[in-house]
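What follows is each chain in one-letter form.
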Amino acid sequence: MGSLQESLNRFKKQQEKCQSTLKSIAADSKTTIKTTAPPAPRVVPRANTSTDLPSLPIKFSNDTERLQHINRIRISPVSSQIKRVVDLLFKSRQSFTAEQINEACYVDVKGNRAVFESLTKNPKVSYEGKRFSYKSKHNVRDQKELLRLVRTFAEGIAVADLKDAYPTVMEDLQALKAARQIWLLSNFDSQEDIAYPNDPRVPIKVDDELKQLFRSIELPRDMLDIERDLQKNGMKPATNTAKRRVMAQNGNIYNKPKQKKKKTEISKRTKLTNAHLPELFRNLNG
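Residues numbered from 1 in each chain as written. Predicted model: local features only at pLDDT ≥ 70, side-chain atom pairs only at ≥ 80, totals over all residues. Heavy atoms only, no water.

### Remarks on the overall build of the chain
Secondary structure assignment for the chain yields ten helices and six strands. Taking all 286 residues of the chain together, the buried fraction comes to 18%. Taking as baseline every contact in the chain between residues at least 6 positions apart, the subset at least 24 positions apart corresponds to 45%. Summed over its atoms, the accessible surface of the chain is roughly 24700 Å², and 54% of this surface lies on carbon and sulfur atoms. (Helix = DSSP H or I, 4+ residues; strand = E, 2+ residues; numbered from the N terminus. Buried < 20%, exposed > 50% of the residue type's maximum accessible area, 1.4 Å probe, protein only. Contact = heavy atoms within 4.5 Å. Areas by Shrake-Rupley, 256 points an atom, 1.4 Å probe, with all protein chains shown as cover.)

Now the structure itself:
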């Protein structure tokens, strides 16, 4: 019992010593703060709210117009959204993820199930599980591959099937034609251009009887006769020789015959509205 009392006495003394130490530390810190503290700032009274300047009007975000544009695209018909995506893929000729399509043309392919399904089933779109790209009818990328493709079609290939192969395909077709590596001929039935290979390495043999038959056909000397023969066979001539000759005689001015206006005569059966003026109808025909 005596040892417990001694322990309590020692604990009380330690507490009193700690409290005195803390008081001395607090007193020292107050004196240092007073000597080093900067002067208090001057308090300026607030101006009267009635004399304050009027506050600026609240402006909408700069993205408001862009967000409205995005909303119009996303509520548009599915066909319109598909066209935007296909145009993007056609012009860029790159592959895009659904997120990249959303950033480029604001079509939410991932969030719109109808758009996604229509895009994956579109014949002009190639979908590889994650990326979308443009799918042309013939997979050629430059002039060399284009020439190689045309040479595989001895019977000719429609230019309409080549237009979407790559952006400069039409210029390359004209360049190959100028270099006499291909022929571009029009189809009389569909009026579409057909590309034919002109490969000098491929020998073309024509039967002598066919040559003789071709050379034995004598064409009329006058274009008027040629045009009449074409019309007899159900074909429309591309020229009009008779009209050209008339224009040449009139100095390239083709005057159509003027139609004479039919003179209207007044008879007794004509309904008269000005019967009160008899002098107008003195020459009335019986």
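After that view, the rundown keeps rolling.
### Let's talk about the environment of Ile-82
Mapping Ile-82 onto the fold places it in helix α3 (residues 78–92). Judged by its relative accessible area of 8%, Ile-82 is buried. Apart from residues lying up to four places away in sequence, Ile-82 is in contact with Val-115, Ser-118, Leu-119 and Asn-122.

### Re the nonpolar core
Ranked by size, the top nonpolar core spans 17 residues in total, and within it Val-85, Leu-89, Ile-101, Val-107, Val-109, Leu-119 and Phe-132 carry the most contacts. Counting residues per element, the ones that place at least two in this core are α3, α4 (98–105), α5 (113–121) and β3 (131–134). At five residues, the largest contribution of residues to this core is made by α3. When sequence neighbours within four positions are dropped, the list of residues in contact with Ile-101 reads Val-85, Phe-96, Tyr-106, Val-107, Val-109 and Phe-132. Counting 16 residues, the second-largest nonpolar core is a separate cluster that includes Leu-149, Ile-157, Val-159 and Leu-184. (Core = buried A, V, L, I, M, F, W, Y, C linked by side-chain atoms within 4.5 Å.)

### Digging into the sheet that holds β3
The strand order across the open sheet built from three strands is β1-β3-β2, with neighbouring strands paired in antiparallel fashion. The open sheet terminates on both sides in strands that have one partner only, identified here as β1 (96–97) and β2 (125–127). Note that β2 and β3 share three bridges and pair antiparallel. In the strand pairing of β3, Ser-126 is matched with Ser-133. Seen against the sheet, α3 touches β1, β2 and β3 and runs at an angle of roughly 70° to β3. (Pairing = 2+ DSSP bridges. Axes fitted to C-alpha atoms, helices over the stretch in contact; angles between N-to-C directions.)

### What about the pattern of salt bridges?
Counting across every chain of the model gives eight salt bridges. Notably, a salt bridge pairs Lys-124 with Asp-164, separated by 2.8 Å at the nearest N-O pair. Highlighted residues: Lys-124 in the loop between α5 and β2 and Asp-164 in the loop between β4 (157–158) and α7 (169–178), separated in sequence by 40 residues. By relative accessible area, which is 31% here, Lys-124 ends up partly exposed. (Salt bridge = Lys/Arg side-chain N within 4 Å of Asp/Glu carboxyl O.)

### Looking at the packing of helix α9 (residues 223–232) against helix α10 (residues 241–249)
At a closest axis distance of 9 Å, the pairing of α9 and α10 adopts a crossing angle of 150°. Classified by the angle their axes make, α9 and α10 are roughly antiparallel. Two secondary-structure elements touch here, α9 through Met-223, Leu-224 and Glu-227 and α10 through Thr-241, Ala-242 and Arg-245. Its residues placed into classes, the contact of α9 with α10 shows three nonpolar, one polar and two charged. (Parallel < 35°, antiparallel > 145°, perpendicular 65-115°, else oblique. Nonpolar A, V, L, I, M, F, W, Y, C, P; charged D, E, K, R; others polar.)

### Overview of the sheet that holds β4
A sheet is described by the order of its strands in space; here three strands give the open sequence β4-β6-β5, paired in antiparallel fashion. Each edge of the open sheet carries a strand with a single partner, namely β4 and β5 (182–186).

### Quick look at the side chain of Thr-241
Mapping Thr-241 onto the fold places it in helix α10. Overall, the relative accessible area of 11% leaves Thr-241 in the buried class. Setting aside chain neighbours within four positions, we find Thr-241 in contact with Met-223, Leu-224 and Glu-227.

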